[in-house]
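As a plain string of letters, each chain reads:
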There are 2 protein chains.
Amino acid sequence: MGSPRQVFYISDRTGLTAENIGEALLNQFGNVAFKRHTHPFVDTPDKAREVVEKVNRSRQENGQRPIAFVSVVNDEIREIIKQADAFHINFFETFLGLLEKELNTEAVAATQGHHSIGNTQRYDARMEAVNFSLNHDDGVSDKNLQEADVILMGVSRSGKTPTCLYLALQYGIRAANYPLIPDDLESTDLPRMVKPYRDKLFGLTIQPERLQAIRQERRPNSAYARIDTCRSEVADAQNMFRRHGIPFANTTDKSVEELAVHILQACKLKRRF
Amino acid sequence: MGSPRQVFYISDRTGLTAENIGEALLNQFGNVAFKRHTHPFVDTPDKAREVVEKVNRSRQENGQRPIAFVSVVNDEIREIIKQADAFHINFFETFLGLLEKELNTEAVAATQGHHSIGNTQRYDARMEAVNFSLNHDDGVSDKNLQEADVILMGVSRSGKTPTCLYLALQYGIRAANYPLIPDDLESTDLPRMVKPYRDKLFGLTIQPERLQAIRQERRPNSAYARIDTCRSEVADAQNMFRRHGIPFANTTDKSVEELAVHILQACKLKRRF
């Protein structure tokens, strides 16, 4: 297969967008080995020239043209980066011209990157949502539960906390969570604490084998981690969701990103910014 | 300005990548009003045809061509979406052909989306990091602090918790945090709990006025929220960072994404997946 192909992510901001789409593209080439170099915040001509040098050095050392995924808003920086001896994939520029034509107007260079807060409101909404989710983690408090945008329910270790935090951080959504304990699962009714908020409930379920592995790590050889415990808890939880018409998703094969988008759709939630 | 231009985000996965780059592009057109419609998980021909109908209906109702940002991996779905009467920006397809040529090999359609877990390892790393960050929030425990990848320090309400959680969720990094209380700030030494881990420390600072606004919201008219309290705490914290050569960043004008990438760079952290 030879030496790996060098890949540069270059951005005058965080570079996260370039990385996301770049990785999705590289994933399509399972037979090729890549070595990645990430250069975020390339926001001065000096920094840009430094990166160009690095790319050129890599080209000489490896014999092959590096691939440069470039997401640079600033024109001056972009022009410098262009001089690097690489195969350029320029996300911004490629589409900006097309959009200008379609919209019949010129792009006005944004002074703020799209990831900058600019308006502190957006940041405040996130902070507030994170605090809300932390304060309503694991059913610790039903105070202000009426202010929740969504309440995730599931058995212990089904993935509620990371999903709540992701919803809060990414979308500013106030996500509480409620752990279904054996007492809850024995009842045919909804747990007292969440019953008043039926419309905000979303269930998480998980493959019993996966649940067992997670619990085993946490409390080895406990009754809690036994496969039959996991099986019956998961079955009871799913029955509860079905009985009360609560939408639910299986976390086993999903990333937090996927789960979050599923929940947004299912609960018709609007992101807060 | 007329009616807003309709924008469709269409993906057979979460659509987050399409949205990120799409929003960055639309941000360049401050004079144009847009109305967004998001269609994630368009992963069957039926769903694809439904979306095509929606786009076409919007075109008829609004008179203008909608803009479709499309990020679809599956060929069959992509062909259907193409038939929508819209101005298409096709992230995937645009670059895939170019990359095939450059790499001199054909793309092999991935069976798993890049956001799917596929390997549970990546998911486990995140879960573990989130649990770690929750267990080491606000200096509650110095147990296992040697396992931290980074320890964020800052005065109360300087943005430590969201940043830690973002590092954990996004990069699987074990981020602990330690709040600098007045006792710590009076000393010229580093706080006892974090002193053994000097190399893992990263400081957060914040504009006193912004800090005051946040604290005022939390504990109105307290000494804690007074502007002079905020000013002196922030100054003391910055002095501590400088005295001990601890890298630090100001959270006032930064999003959590930006902060996280800064910290990765400054502490030379490797993401865990």
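These figures come from a predicted structure and were not determined experimentally.

1. Section: the packing of helix 6 (residues 160–171) of chain B against helix 10 (residues 256–266) of chain B
All names here are of chain B. At a minimum axis separation of 9 Å, helix 6 and helix 10 run at an interaxial angle of 75°. One element, helix 6, and the other, helix 10, form an angle in the roughly perpendicular class. Residues Pro162, Thr163, Tyr166, Leu167 and Tyr171 of helix 6 touch helix 10, and the partners they reach there are Val256, Glu257, Leu259, Ala260, Val261, Ile263 and Leu264. When the residues that make up the contact of helix 6 with helix 10 are grouped by side-chain class, the tally is 10 nonpolar, 1 polar and 1 charged.

2. What to know about the packing of helix 4 (residues 91–103) of chain A against helix 1 (residues 16–26) of chain B
Where helix 4 of chain A meets helix 1 of chain B, the closest approach of the two axes is 10 Å, and the angle between their N-to-C directions is 55°. In terms of their interaxial angle, helix 4 of chain A and helix 1 of chain B are classed as oblique. As helix 4 of chain A runs across helix 1 of chain B, the sense of the crossing is right-handed. Contacts between helix 4 of chain A and helix 1 of chain B involve A:Phe91, A:Phe92, A:Phe95, A:Leu96 and A:Leu99 from the first element and B:Ile21, B:Ala24 and B:Leu25 from the second. Here the contact of helix 4 of chain A with helix 1 of chain B is built from residues that sort into 8 nonpolar, no polar and no charged.

3. Section: the interface of chain B and chain A
Counting from both sides, the interface comprises 78 residues of chain B and, opposite them, 79 residues of chain A. Summing the contributions of chain B and of chain A, the shared interface buries around 7400 Å²; its carbon and sulfur component is 65%. One salt bridge in this structure joins B:Glu102 and A:Arg5, with 2.4 Å as the shortest N-O distance. Counting every contact that joins chain B to chain A gives 4 residue pairs in polar contact (both at pLDDT 80 or more). Looking at the side of chain B that touches chain A, the elements with two or more residues in it are helix 1, strand 3 (67–71), strand 4 (87–90), helix 4 (91–103), helix 5 (120–135), helix 6, helix 8 (208–218) and helix 10 of chain B. Per-class residue counts for the side of chain B that touches chain A are 37 nonpolar, 21 polar and 20 charged.

4. Comments concerning helix 8 of chain B
Within helix 8 of chain B, burial applies to B:Pro208, B:Arg210, B:Leu211, B:Ile214 and B:Arg215. One side of helix 8 of chain B holds all its buried residues, which, seen down the axis, span an arc of 160°.

5. A word on the pattern of salt bridges
Where charged atoms from two side chains of opposite charge approach closely, those side chains can pair. Taken as a whole and assessed by the stated rule, the structure comprises 30 salt bridges over all chains. A:Glu93 is paired through a salt bridge with A:Lys82; the nearest N and O atoms lie 3.0 Å apart. A residue pair is termed long-range when its members are at least 10 positions apart, and A:Glu93 in helix 4 and A:Lys82 in helix 3 (residues 75–82) qualify at 11 residues. Take A:Glu93: its relative accessible area is 29%, and that puts it in the partly exposed class. A salt bridge links B:Glu79 to B:Lys82; its shortest N-O distance comes to 3.1 Å. Of this pair, B:Glu79 and B:Lys82 both sit in helix 3 (residues 75–82), separated by 3 residues, roughly a single helical turn. Residue class for B:Glu79 comes out partly exposed when judged on its relative accessible area of 42%.

6. Side note on the domain arrangement of chain A
What the domain assignment lists for chain A is domain 1 (5–103) and domain 2 (116–267). Inter-centroid distance (C-alpha atoms) of domain 1 of chain A to domain 2 of chain A is 39 Å.

7. Points about the UniProt feature "binding site: ADP" (unreviewed entry) in chain A
The positions that UniProt labels "binding site: ADP" (unreviewed entry) are, in the present scheme, A:Gly154, A:Val155, A:Ser156, A:Arg157, A:Ser158, A:Gly159, A:Lys160 and A:Thr161. Within the element layout of this structure, A:Arg157 appears in the loop between strand 5 (150–155) and helix 6 (160–171). If we ignore the near neighbours within four places in the chain, the residues touching A:Arg157 are A:Ile206, A:Leu211, A:Ile214, A:Arg215, A:Arg218, A:Tyr224 and B:Asn131. With respect to the helices and strands, A:Ser158 occurs in the loop between strand 5 and helix 6. We classify A:Ser158 as buried; its relative accessible area is 1%. Apart from the residues within four sequence positions on either side, A:Ser158 is in contact with A:Leu204, A:Ile206, A:Leu211 and A:Thr251. Separated by 2.7 Å, the side chain of A:Ser158 and the backbone oxygen of A:Val155 make a polar contact.

8. Side note on the sheet that holds strand 7 (residues 201–205) of chain B
Residues and elements named next belong to chain B. With parallel pairing, 4 strands are arranged side by side in an open sheet as 6-5-7-8. Pairing within the sheet leaves two strands with one partner each, and these edge strands are strand 6 (175–180) and strand 8 (248–250). Taking the axes of each pair of neighbouring strands and ignoring which way they run, one obtains an average angle of 25° across the sheet. Of the strand pairs in this sheet, strand 7 and strand 8 are connected by 3 bridges, and their pairing is parallel. Of the residues in strand 8, the one forming a bridge with glycine 203 is phenylalanine 248. Running at roughly 145° to strand 7, helix 10 makes contact with strand 5 (150–155), strand 7 and strand 8 of the sheet.

9. Topic: the relation of the copies chain B and chain A
Two copies of a chain can be linked by a rotation about an axis combined with a shift along that same axis. Of the transformation placing chain B onto chain A, the axial shift is 0.0 Å and the rotation is 180°, giving an RMSD of 0.1 Å. Expressed as an axis order, the relation between the two copies is that of a two-fold axis. Nearest to the rotation axis, the C-alpha of B:Thr17 is located 3.4 Å from it, this being the minimum over chain B. Most of the interface of chain B is mirrored in chain A, where 100% of its interface residues again form contacts.

10. Some points on the sheet that holds strand 2 (residues 34–39) of chain B
The parallel open sheet is built from 4 strands, whose spatial order is 2-1-3-4 (chain B). At either end of the open sheet lies a strand with only one pairing partner, and these are strand 2 and strand 4 of chain B. If you compare each strand with its neighbour and ignore which way they point, the axes differ by 20° on average. Here strand 1 (residues 5–11) of chain B pairs with strand 2 of chain B via 6 bridges, running parallel. Residue pairing across strands places B:Val7 opposite B:Arg36, the latter belonging to strand 2 of chain B. On top of the sheet, helix 4 of chain A reaches strand 1, strand 2, strand 3 and strand 4 of chain B; it is set at about 170° to strand 4 of chain B, its chief contact. The sheet strands contacting helix 2 (residues 45–62) of chain B are strand 1 and strand 2 of chain B, and the helix crosses strand 1 of chain B at an angle near 175°.

11. So, unusual backbone geometry
Residues and elements named next belong to chain A. At asparagine 104, a position not held by glycine, the phi torsion is positive, near 55°. Tracing the chain through its elements places asparagine 104 in the loop between helix 4 and helix 5 (120–135). Residue classification places asparagine 104 among the exposed positions, given a relative accessible area of 69%. A positive phi angle is found at arginine 157, which is not glycine, with a value near 75°.

What counts and how
Counting restarts for each chain: residues are numbered from 1 in the order of the written sequence. Naming scheme: in the order in which they are written, chains are lettered from A and ligands are numbered from 1. Local features in a predicted model are, by the rule used here, given only for residues with pLDDT of at least 70; side-chain atom pairs are given and counted only at 80 or more, and totals for whole chains, interfaces and linings are based on all residues. Side-chain measures here rest on the full set of heavy atoms in the structure, leaving out hydrogens and waters. Axes here mean lines fitted to C-alpha atoms, for a helix over just the part in contact, with angles spanning 0 to 180 degrees between N-to-C directions. Only runs of H or I of at least four residues qualify as helices and only runs of E of at least two qualify as strands under DSSP, and these elements are numbered from the N terminus. Here the angle decides the label: under 35 degrees means roughly parallel, over 145 means roughly antiparallel, 65 to 115 means roughly perpendicular, and every other value means oblique. By the convention used here, residues are in contact when the closest approach between their heavy atoms is within 4.5 Å. Asp, Glu, Lys and Arg are counted as charged, while Ala, Val, Leu, Ile, Met, Phe, Trp, Tyr, Cys and Pro are counted as nonpolar; the rest, among them Gly, fall into the polar class. Whether a crossing is left-handed or right-handed is set by the direction in which the near helix is turned from the far one by less than a right angle, anticlockwise for left-handed and clockwise for right-handed. Summed over both partners, the accessible surface that disappears when two parts come together, traced with a 1.4 Å probe, is what is meant by buried area. Salt bridge, as applied in this entry: a Lys or Arg side-chain nitrogen positioned within 4 Å of an Asp or Glu carboxyl oxygen. Distance and chemistry together define a polar contact, namely a pair of N or O atoms within 3.5 Å, with one atom able to donate a hydrogen and the other to accept it when in protein, and with adjacent residues in sequence counting only for side-chain atoms on both sides. Working definition: with a 1.4 Å probe on protein chains only, accessible area under 20% of the residue-type maximum means buried, over 50% means exposed, and in between means partly exposed. Each C-beta atom gives one direction from the helix axis, and the arc is the one those directions make. Where a domain begins and ends is set by an automatic assignment or by a domain database. UniProt positions are given in the numbering used here, feature names are shortened, and annotations may be inferred rather than shown by experiment. Between any two strands, at least two bridges found by DSSP are needed for them to pair. The atoms used to superpose the copies are C-alpha atoms, taken from residues with pLDDT of at least 70 in both, and the fit is least squares.

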